[in-house]
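Remarks on the overall topology
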Amino acid sequence: MRTAIGMLATCLGVFIAFLLQQGLPAVHVLHGARIVLVPMIFCYAAMVLPFPAMLGLAFFTGFVSDLFYLHIMEGRVEIAIGCSIVFFVITGSISNGFRPSYLKGHWWPVIPVAILTTSAYLLMQFVMISVRREGFVFEMAVLWRVLAPGLLVGLFVPLVHAVVQPFASLIPQSPWRQPEY
Amino acid sequence: MKKINIALLLAVLALAVYFSAQSASDTQSLQAKFLSFLAPFLRTGTAVQEQLGSMGKGLKTLDEVEADNRRLNEVNRELLTTNNLLREIEAENNRLRLALEYRARSVFRLLPARVIARDASTWWNTIKINRGFEDGIETDQPVLTEVGLIGKTTTVAKNECLVVLITDETCRVAAKIEGSKEQGIVSGMRIQETGTNGTLQMNFLSKNATIEPGQKVYTAGISNGVFPSGILIGTVREFRTRPLDGQALVDPAVDISQTSDVFVVVGAK
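The structure reproduced in this document is the subject of the present report. Here the structure is a predicted model, which is why all the values come from computation and not from measurement.

Some thoughts on the overall build of chain A
Of regular secondary structure, chain A possesses 7 helices and 2 strands. Taking 181 residues into account, the globule formula puts the C-alpha radius of gyration at 16 Å, and chain A, at 17 Å, falls close to it. Considered along the principal axes of its C-alpha atoms, chain A spans approximately 50 × 35 × 30 Å. Split into buried and exposed, the 181 residues of chain A put 43% on the buried side. Contacts spanning at least 24 positions in sequence make up 72% of the contacts within chain A whose residues lie at least 6 apart.

Details of the overall build of chain B
Scanning chain B for helices and strands turns up 3 helices and 12 strands. Counting every position in chain B, which comprises 269 residues, the buried fraction comes to 33%. Sequence separation of at least 24 residues holds for 57% of the intrachain contacts in chain B that already meet a minimum separation of 6.

Observations concerning the packing of helix H1 (residues 2–23) of chain A against helix H2 (residues 38–48) of chain A
All names here are of chain A. Contact pair H1 / H2: the axes reach a minimum separation of 9 Å and the direction vectors enclose 165°. Comparing their axes, H2 and H1 come out roughly antiparallel. Considering only the axes of H1 and H2, their crossing is right-handed. Of the residues in H2, those touching H1 at Thr 10, Gly 13, Val 14, Ala 17, Phe 18 and Gln 21 are Val 38, Ile 41, Phe 42 and Ala 45. In the contact of H1 with H2, the residues fall into 7 nonpolar, 3 polar and no charged.

Regarding the pairing of strand S6 (residues 173–177) of chain B
Residue and element names in this part refer to chain B. When you tally the buried positions in S6, you get 4 out of 5 residues, the bulk of the element. In terms of strand pairing, S6 meets strand S7 (residues 183–188) through 4 bridges, oriented antiparallel. Residue pairing for S7: Ala 175 is matched across the bridge by Gly 184. A loop of 5 residues connects S6 with S7, the two strands running antiparallel in sequence, and Gly 179 in this loop sits at a positive phi of about 80°.

Some remarks on the packing of helix H4 (residues 83–96) of chain A against helix H1 (residues 3–20) of chain B
At their nearest, the axes of H4 of chain A and H1 of chain B sit 8 Å apart, and the two run at 155° to each other. Here H4 of chain A lies roughly antiparallel to H1 of chain B, going by the angle between them. Pair H4 of chain A / H1 of chain B crosses with left-handed handedness. Of the residues in H1 of chain B, those in contact with Cys 83, Ile 85, Val 86 and Val 89 of chain A of H4 of chain A are Val 12, Leu 13, Ala 16 and Ser 20 of chain B. Each residue belonging to the contact of H4 of chain A with H1 of chain B can be placed in one class, and the counts come to 7 nonpolar, 1 polar and no charged.

Considering the interface of chain B and chain A
For interface size, the figure often reported is the accessible area lost on association. Contact with chain B, which involves 38 residues of that partner, is made by 41 residues of chain A. The element best represented in the side of chain B that touches chain A is H1 of chain B, accounting for 11 residues. In terms of residue class, the side of chain B that touches chain A is built from 20 nonpolar, 16 polar and 2 charged.

Focus on unusual backbone geometry
The backbone of His 31 of chain A sits at a positive phi, close to 55°, despite the residue not being glycine. By the secondary structure assignment, His 31 of chain A is in the loop between H1 and H2. Residue Phe 204 of chain B is not a glycine yet carries a positive backbone phi of 65°.

Details of the sheet that holds strand S9 (residues 216–219) of chain B
Pairing within the closed barrel is antiparallel, and its 6 strands lie in the order S6-S7-S8-S11-S10-S9 (chain B). Sheet twist, expressed as the mean angle between neighbouring strand axes with direction ignored, is 40°.

A word on the nonpolar core
What tends to happen in soluble globular proteins is that the nonpolar side chains get buried as a cluster. Membership of the largest hydrophobic core comes to 54 residues, with the highest contact counts inside it found for Phe 42, Cys 43, Tyr 44, Leu 57, Ala 58 and Ala 114 of chain A. Mapped by element, the contributors of at least two residues to this core are H1, H2, helix H3 (51–68), H4, helix H6 (110–132) and helix H7 (140–168) of chain A together with H1 of chain B. Leaving out residues up to four positions away in the same chain, Ala 114 of chain A has contacts with Pro 39, Met 40, Cys 43, Tyr 44, Val 153, Gly 154 and Val 157 of chain A. Of all hydrophobic cores here, the second largest spans 49 residues; its members include Ile 129, Cys 171, Val 236 and Phe 239 of chain B.

Some remarks on the sheet that holds strand S4 (residues 149–156) of chain B
Residues and elements named next belong to chain B. Reading around the barrel, the 6 strands line up as S1-S2-S5-S4-S3-S12 and close back on themselves, with antiparallel pairing between neighbours. Direction aside, the axes of adjacent strands within the sheet are offset by 45° on average. Direction of pairing for strand S1 (residues 108–118) relative to strand S2 (residues 126–129): antiparallel, over a ladder of 3 bridges. Its bridge partner being in S2, Arg 118 is matched across the sheet by Ile 127.

Considerations on H3 of chain A
Helix length check: H3 of chain A (18 residues) gives 25 Å between terminal C-alpha atoms against 26 Å at 1.5 Å per residue, within 8%. Taken as a whole, H3 of chain A has its buried residues at Ala 53, Met 54, Leu 55, Leu 57, Ala 58, Phe 59, Thr 61, Gly 62, Phe 63, Ser 65, Asp 66 and Leu 67 of chain A.

Section: the environment of Gly 214 of chain B
Residues and elements named next belong to chain B. Its location among the elements puts Gly 214 in the loop between strand S8 (200–205) and S9. The exposure class of Gly 214 is exposed, given the 10 C-beta atoms found within 10 Å. Non-local contacts of Gly 214, meaning those with residues more than four positions away in its chain, are made with Thr 235 and Val 236.

Thresholds, definitions, all that
Residues numbered from 1 in each chain as written. Chains lettered and ligands numbered in written order. Predicted model: local features only at pLDDT ≥ 70, side-chain atom pairs only at ≥ 80, totals over all residues. Helix = DSSP H or I, 4+ residues; strand = E, 2+ residues; numbered from the N terminus. Rg over C-alpha atoms; globule rule 2.2 N^0.38 Å. Buried ≥ 20, exposed ≤ 12 C-beta atoms within 10 Å, placed from the backbone. Contact = placed C-beta atoms within 7 Å. Axes fitted to C-alpha atoms, helices over the stretch in contact; angles between N-to-C directions. Parallel < 35°, antiparallel > 145°, perpendicular 65-115°, else oblique. Left-handed = near helix turned anticlockwise from the far one by under 90°. Nonpolar A, V, L, I, M, F, W, Y, C, P; charged D, E, K, R; others polar. Pairing = 2+ DSSP bridges. Core = buried A, V, L, I, M, F, W, Y, C linked by C-beta atoms within 7 Å. Expected span 1.5 Å × (residues − 1).

Here it is, written out as structure tokens:
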């Protein structure tokens, strides 16, 4: 039951992150890179939740992500619904591998995982549209737009952890709650 | 790994494969339903953004007024603020009047719409507007302002629709250059420069064409095409020759980042 509540709360969190992302403008000094919050929230949750719940969350996050960024032109879908589900299942499984460490009180592994997941997510999108459009474009701006969001979320992870923990401690046996050592 | 975990993993992957195997039209109708579900959140978000934006503008104006007029008392400051607000309303009034005049003199049947969300993705250039199939909008209808072309509709939901902008690489428009017989295809760049209005590329021009910066680019209006002839797209910034053809870089006529009111061409008058 507590896992189900945790998962529902996380789905809500992911959805709110999507809406927040929608309102955040591009950062011009970083060559138009955007702040991408969803993979970070997902990685954090994937480290906290048990494997079956993580799979459910990966499905939800991937499905909503594909619907948000679905681009259909002249009857061609650029990134088919389902691609992000597979992506989040893979990265969620990696993140979930750090769950024993989280349960021992170490939350920091989520920082490199969130950085890598965020950048890999944007890179996956770029590679897929490049394949669809039959041509790769190599510009410095591409590197910035792939790497900068990852590094930015690395700064946000401690903030998210600091915000989540006080709330988690209010709920008895919350999956988000870290043991104190 | 537990058997139940493997079964769940396979189930999720099977669902992913099922969705990826859907046809483009099924996927589009799924996105339209999602867009309808999302619309109230987006509208609320836009309203909050507008409120915050106008609050910021007000504070900035007050700061400037304070710096310039230290001796002014509270009543004077209040009067200045009111005056500024009235000026904003007057500017908006003028803008809307221009739009209405354009609508009246246009040869197209135009449906006014408002931008409810701007693109939030790294790789695509789209906006969402507050008109859908209930208002008579269909896929592939041109979207423009009194200044020029903006893009075309793609996914159409009940009361909202997605517009792909001309600054997107996938939005291709047959175009002609003012004062010449040159025709080509205008599309956006995959990576748009930041802090600008965007850049368009006009490809398939002849190598020895005489094209000068400042020449205007209009839609060519090919038969059975999406865009009617004669809509302003932008102005030539630069012309360069390539091994096989000539390419013009075009500055879009419309500053999309500042545009909040648009028209959808729903037919001819």
